[in-house]
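Below are the chains, spelled out letter by letter.
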Amino acid sequence: MSPPNILGNCKDGSESAAGENYTDINWDELGFSLVPTDYMYVMKCAKGDKFSQGSLIPFGNIEISPSAGILNYGQGIFEGLKAQRTEDGRILLFRPDENAQRMKVGADRLCMPSPTNDQFVNAVKQIVLANKRWVPPPGKGSLYLRPLLMGTEALLGVAPAPEYTFLIYCSPVGSYHKGALNFKVEDKLYRAISGSGGTGGIKSVTNYAPVYTAMTDAKANGFSDVLFLDSATGKYIEEASACNVFVVKGNFIFTPAIDGTILPGITRKSIIEIAIDLGYQVMERAISVEEMLGADEVFCTGTAVVLNSVASVTYKETRADYKTGPETFSAKLRKTLVGIQTGCLEDKKSWTVRVDSAMSTNYADFNWDELGFSLVPTDYMYVVKCAKGDKFSQGSLVPFGNIEISPSAGILNYGQGIFEGLKAYRTEDGRILLFRPDENAQRMKIGADRLCMPSPSNDQFINAVKQTVLANKRWVPPPGKGSLYLRPLLMGTGALLGLGPAPEYTFLIYCSPVGSYHKGALNFKVEDKLYRSISGSGGTGGVKSITNYAPVYTAMIDAKANEFSDVLFLDSATGQYIEEASACNVFVVKGNFIFTPAIDGTILPGITRKSIIEIAIDLGYQVVERAVSVEEMLGGDEMFCTGTAMVVNAVASVTYKETRADYRTGPETLSAKLRTTLVGIQTGCVEDKKSWTVRVD
């Protein structure tokens, strides 16, 4: 069966904002710079053909020929539009059909095929839905969408490219400018050829880099932006570096006419209609510098700026100051426009388009009641490679399946590999939570250093985990039915024969829905002949090296053959102190004290272990991390073990040689209380006061 569309089945409609799930970002500090989101939309088309079906792929760098038309000859155009979240949870686009039509006009001018209006709008909707968690809360900003149309195929001579790419990426944004603007009039450099013979009237990429010199100079001198004049006479204002301008005088509003030089802004067009509805007279014609300097008010419009008042304009040695503030005409226009865009005002002109969905949770076709702890193949896995001495960069999602690897790979021949384990939980209100993934990322880094491997950064690790969960969202079990277990692997996959670090490494994450690792309380056998790891910090017991696991199989299989749940290992130096079971940390309870072997380089620093210690202390128990002898363990009141797979599990008995110790189990035990608290935090049923959980839906 092929993997499903990562959007699942979406239906038009509205969704309550109360149950909305956002990415983990400080919305109050949102500016206007790129915030990488989850997915982008890509569609290709050969010269002379038509665009057909595109697809969503993880956001990241694209591969492009160095001789592509966009890189060598500027054959590219872009659009800009926004998705706004309303107070009642809908997500709205503003006039996307206008962007689609403007792109078509620009594509015709630069000899490029373009998507149809329907294809454009549908692609925009798909990208918004796929990145829905990045649409800011009402009043905190918007999701800015950047459609690109580019000549991406290789060519050398000056000519239209043989292939084209239509791509949309997005980023949450706040305000483009803070407060009223102060413009400098540029009278030496020009933005576009006057009249219809140039490209000023389309969003060609060729229009933007040429403004950088004037814009940079203006900002260096304390101005917000630069205002360009017409290149034919140098007498009339045109537009700023990326926005249209309006001049107010009395009850009249003037703005440069659309003549092929001025970009036909969609915000500009909308503001003109709103102003006319409010009783103002709007005139589209040439506006001289002198007329502008004598105006009552000046403002600018654009998708990024929306509508921004201009406090002053400086032309050579003359500075004109204008009215600003809440009583100005520009403030009234902005309030009306933003009200329509955000659904606060009735949209009488049908400018807005809904893209949000009443998405019911879509699950894989699976019997969740029979979920155990064995591999269930899911849809996607995450893969990224890195050469020895380099750093990991952007990976990608690929369909889950077997991987190709050299028979002389370091992982296969010399065990150069580490893994992590973490889970994603679905909450009762539909969120999906990870538990302390930053701890897994950091532990992987420590393990990688120990085995001479590069490792992904903490941010790369967490982002990869999030991508994997989102791509396999339908495999996250319903609340109370289990979790999505994630297995990050870091492996030396480059070929080598002699003993040494591999020349190449692979970071991979796959996942599987899982249920309980063990059923009921455990009974351990103490292993006194075989050991799990070298005592102290000189070995690898303190990292999740794959070399720690196969050696436990003999003892573990023997224990299970004798009807024990698992084996409990002793320290290899003295054979007197307990360490851990085959894949979990252990705790011994005596009175109000909880004892657990100290982290000394032999014991794995379990993330569940660390969390349970903090919870126990909060509950008033005294936790002591030190060596715990076999005799002390046998005299305990209670015993339990912790780990990602098993969470917290009570131990009913431990057998050491001929001695068997029995421990308290049941709902009144400390382990039961600790488990209830921990699972409550992990599943969103208990308030997460420690900020341990991370939303990924």
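None of these values were measured; they are calculated from a predicted model.

When helices and strands are tallied, the protein chain shows 14 helices and 34 strands. Along the longest, intermediate and shortest principal axes, the C-alpha atoms of the protein chain span 100 × 55 × 50 Å. Put simply, the protein chain has 697 residues, and 54% of those count as buried. Across the protein chain, contacts joining residues at least 24 apart in sequence account for 73% of those joining residues at least 6 apart.

Taken as a whole and assessed by the stated rule, the structure comprises 26 aromatic pairs. Taking 6.1 Å as the distance between ring centres and 15° as the angle between the ring planes, the aromatic pair formed by F252 and F254 counts as stacked. For F252, a relative accessible area of 30% puts it in the partly exposed group. With a centroid separation of 5.1 Å and an interplanar angle of 55°, the aromatic rings of F419 and Y549 are classed as tilted. You can see F419 sitting in strand 20 (residues 417–419) and its partner Y549 sitting in the loop between strand 25 (522–527) and helix 11 (553–561), a full 130 residues away along the chain.

So, on to the pattern of salt bridges. As a working rule, side chains carrying opposite charge can pair if their charged atoms are close by. Counting across every chain of the model gives 34 salt bridges. Here D379 and R474 are joined by a salt bridge, their closest N and O atoms 2.7 Å apart. Of this pair, D379 sits in the loop between strand 17 (352–354) and strand 18 (380–387) while R474 sits in the loop between helix 10 (458–471) and strand 23 (483–492), placing them 95 residues apart in sequence. Residue classification places R474 among the buried positions, given a relative accessible area of 18%. The shortest N-O distance in the salt bridge between K610 and E439 comes to 2.9 Å. Note that K610 is positioned in helix 12 (residues 607–618) and E439 in helix 9 (residues 437–450), a separation of 171 residues in sequence. Beyond isolated ion pairs, a larger network of salt bridges with shared partners links R95, E98, K269, E273, D277 and K349.

Let us now look at helix 5 (residues 266–277). Counting along an α-helix, one turn takes 3.6 residues, and residues three or four places apart therefore face a common direction. In this model, helix 5 (twelve residues) spans 17 Å end to end at C-alpha, consistent with the 16 Å of a helix rising 1.5 Å per residue. Buried within helix 5 are the following residues: I266, T267, R268, S270, I271, I272, I274 and A275.

Attention now moves to helix 3 (residues 117–130). Taking 1.5 Å of rise per residue, the 14 residues of helix 3 would be expected to cover 20 Å, and the 20 Å separating its terminal C-alpha atoms lies within 8% of that figure. The buried fraction of helix 3 is high, at ten of 14 residues. For helix 3, every residue scored as buried is listed here: Q119, F120, V121, A123, V124, Q126, I127, V128, L129 and A130.

Here the focus is the packing of helix 9 against helix 10. Where helix 9 meets helix 10, the axes come as close as 9 Å, and the angle between the chain directions of the two elements is 125°. The orientation of helix 9 with respect to helix 10, classified from their angle, is oblique. The handedness of the crossing between helix 9 and helix 10 is right-handed. Contacts between helix 9 and helix 10 involve P437, D438, N440, A441, Q442 and M444 from the first element and N458, F461 and I462 from the second. Its residues assigned to classes, the contact of helix 9 with helix 10 comprises five nonpolar, three polar and one charged.

Burial runs high along strand 6 (residues 142–151): ten of the ten residues are buried. Alternating positions in strand 6 separate into two faces, S142, Y144, R146, L148 and M150 on one and L143, L145, P147, L149 and G151 on the other, with burial throughout. Relative to strand 6, strand 3 (residues 76–78) is paired through three bridges, and the arrangement is antiparallel. The residue bridging F78 from the neighbouring strand is L148, located in strand 6. Note: strand 6 against strand 7 (residues 163–173), ten bridges, orientation antiparallel. Pairing of R146 across the sheet is with Y169, part of strand 7.

This paragraph deals with the nonpolar core. The biggest cluster of nonpolar side chains holds 91 residues, and the ones touching the most others in it are I127, V128, L145, F166, V469 and F507. If we ignore the near neighbours within four places in the chain, the residues touching I127 are Y39, M40, Y41, L56, L145, I168 and C170. Core analysis: the second largest hydrophobic core is formed by 23 residues, V247, V305, V310 and V313 among them.

The side chains of a regular strand alternate between the sheet's two faces. Within strand 4 (residues 81–85), five of the five residues are buried, which leaves the element mostly enclosed by the surrounding structure. Along strand 4, one buried face is formed by L81, A83 and R85 and the opposite face, lined by K82 and Q84, is buried too. Two elements, strand 4 and strand 6, share three bridges in a ladder whose sense is antiparallel. Bridged to K82 within strand 6 is Y144. Where strand 4 folds back onto strand 5 (residues 91–94) in an antiparallel hairpin, the turn is made up of five residues, including G89, whose phi is positive at roughly 90°.

It is worth spelling out the state of the cysteines at this point. The final tally for this structure, using the stated rule, is zero disulfides. C243 takes part in no disulfide bond, and the closest cysteine sulfur, belonging to C300, lies 3.8 Å away. Judged by relative accessible area, C243 falls into the buried class, the value being 4%. Counting only cysteine sulfurs, C641 is the nearest neighbor of C584, a cysteine outside any disulfide, at a range of 3.9 Å. Given a relative accessible area of 3%, C584 falls into the buried group.

Phi at V306 takes a positive value of approximately 65°, unusual for a residue other than glycine. For V306, the location among the structural elements is in strand 15 (residues 306–315). Judged by relative accessible area, which is 11%, V306 ranks as buried. Phi is positive for S350, which is not a glycine, with a value near 55°. As for its position among the elements, S350 is in the loop between helix 7 (329–341) and strand 17. Residue classification places S350 among the exposed residues on the basis of a relative accessible area of 63%.

With 96% of its residues at a pLDDT of 70 or more, the protein chain has an overall mean of 92. Low confidence marks residues 1–19, where pLDDT is under 50. Its contacts with residues over four positions away, or in another chain, come to 46 contacts.

It is worth spelling out the packing of helix 12 against helix 14 (residues 670–682) at this point. One way to put it is that helix 12 packs onto helix 14 with a least axis distance of 10 Å and a crossing angle of 115°. Taken together, the axis directions place helix 12 and helix 14 in an arrangement best described as roughly perpendicular. As for the relative orientation of helix 12 and helix 14, their crossing is right-handed in sense. Contacts between helix 12 and helix 14 involve T608, S611, I612, I615 and A616 from the former and L674, T677, L678 and I681 from the latter. Of the residues that constitute the contact of helix 12 with helix 14, the class distribution is six nonpolar, three polar and no charged.

Procedures and definitions
- Residues numbered from 1 in each chain as written.
- Predicted model: local features only at pLDDT ≥ 70, side-chain atom pairs only at ≥ 80, totals over all residues.
- Heavy atoms only, no water.
- Helix = DSSP H or I, 4+ residues; strand = E, 2+ residues; numbered from the N terminus.
- Buried < 20%, exposed > 50% of the residue type's maximum accessible area, 1.4 Å probe, protein only.
- Contact = heavy atoms within 4.5 Å.
- Phe/Tyr/Trp six-rings, centres within 6.5 Å; stacked < 30°, edge-to-face > 60°.
- Salt bridge = Lys/Arg side-chain N within 4 Å of Asp/Glu carboxyl O.
- Expected span 1.5 Å × (residues − 1).
- Axes fitted to C-alpha atoms, helices over the stretch in contact; angles between N-to-C directions.
- Parallel < 35°, antiparallel > 145°, perpendicular 65-115°, else oblique.
- Left-handed = near helix turned anticlockwise from the far one by under 90°.
- Nonpolar A, V, L, I, M, F, W, Y, C, P; charged D, E, K, R; others polar.
- Pairing = 2+ DSSP bridges.
- Core = buried A, V, L, I, M, F, W, Y, C linked by side-chain atoms within 4.5 Å.
- Disulfide = S-S within 2.5 Å.
- pLDDT = per-residue confidence, 0-100.

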